[in-house]
Amino acid sequence: MNNKEIICGIYGIKSQDGRWYIGQSIDILSRYYNKYGPSSLKFLILIECEESNLNFHEINLIAEYDSFYNGFNLTKGGNNGDHHHKCYKIKNFVTGEII
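> Explain the pattern of salt bridges here, please?
Pairing between side chains becomes possible if they bear opposite charge and their charged atoms approach one another. For the structure on display, the rule yields one salt bridge. With its nearest N and O atoms 2.8 Å apart, the salt bridge here joins Asp 17 to Arg 19. By relative accessible area, Asp 17 is classed as partly exposed at 47%.

> Hey, could you run me through helix H1 (residues 28-36) in this one?
Owing to its 3.6 residues per turn, the α-helix brings residues three or four apart onto one side. Every buried residue belonging to H1 is among Ile 28, Ser 30 and Tyr 32, and all of these are buried. Note on H1: the residue one or two positions beyond its end, Gly 37, has a positive phi of about 65 degrees.

> Before we go on, may I ask you to explain the side chain of Asn 73 in this structure?
Counting through the fold element by element, Asn 73 comes out in the segment after helix H2 (54-64). You can call Asn 73 buried: its relative accessible area is 4%. A distance of 2.7 Å separates the side chain of Asn 73 from the backbone oxygen of Ile 22, its partner in a polar contact. One polar contact links Asn 73 to Ser 67, side chain to side chain, over a distance of 2.6 Å.

> Is there a simple way to think about the pairing of strand E1 (residues 9-14) in this case?
Two faces belong to every sheet, and in a regular strand the side chains alternate between them. With five of six residues buried, E1 lies mostly within the body of the structure. Of the strand pairs in this sheet, E1 and strand E2 (residues 20-25) are connected by six bridges, and their pairing is antiparallel. Residue pairing across strands places Tyr 11 opposite Gly 23, the latter belonging to E2. Here E1 folds back onto E2 in antiparallel fashion, the turn holding five residues, of which Gly 18 has a positive phi close to 95 degrees. Here E1 runs beside strand E3 (residues 42-48); their pairing, made up of six bridges, is antiparallel. Counted as the bridge partner of Lys 14 is Lys 42 from E3.

> What is the right way to look at the sheet that holds E1 in this model?
One key point about sheets: their strands pair by backbone hydrogen bonds, in either a parallel or an antiparallel sense. On the basis of which strands lie adjacent, the open sheet formed by three strands has the order E2-E1-E3 and antiparallel pairing. The open sheet has two edge strands, E2 and E3, and neither has a second partner. When strand polarity is set aside, the average angle formed by the axes of neighbouring strands in this sheet is 25 degrees. Relative to the sheet, H1 contacts E1, E2 and E3, its axis offset from that of E1 by approximately 35 degrees.

Reading guide: rules and limits
- Residues numbered from 1 in each chain as written.
- Predicted model: local features only at pLDDT ≥ 70, side-chain atom pairs only at ≥ 80, totals over all residues.
- Heavy atoms only, no water.
- Salt bridge = Lys/Arg side-chain N within 4 Å of Asp/Glu carboxyl O.
- Buried < 20%, exposed > 50% of the residue type's maximum accessible area, 1.4 Å probe, protein only.
- Helix = DSSP H or I, 4+ residues; strand = E, 2+ residues; numbered from the N terminus.
- Polar contact = N/O pair within 3.5 Å; in protein donor to acceptor, adjacent residues only side chain to side chain.
- Pairing = 2+ DSSP bridges.
- Axes fitted to C-alpha atoms, helices over the stretch in contact; angles between N-to-C directions.
- Contact = heavy atoms within 4.5 Å.

So this is what it looks like as C-alpha cells:
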C-alpha cells in the first residue's frame, strides 16, 4: 500500500532567470516527479484546492505571475476546453523559445 500524500492544486516552476510556468494537477507530487524529475528549476506548490477549483486558480495565478506573456505558459490556463486533447508547442525553460 502506498502512503504517499496526494495534493491537488496549482504548482509553479521557476526558471533560473525568474520566469514561471504555472500548472494544475490532481496529484502535484506525482506530476512533478513523473514529468519533470530532479532539476535545477525551483518547484513550488502554490495553492492546495479542490479539483473543482483548479481552473479558477490556475487562470488567476498565470495572470498574477505573468507567465503567459513573460513566462512559459502557452495558454492563459483553465484547460481551455481542449488543453489535453491536442498537440501544442512548448516553450523552452532555458531560452523561452517555442519549440
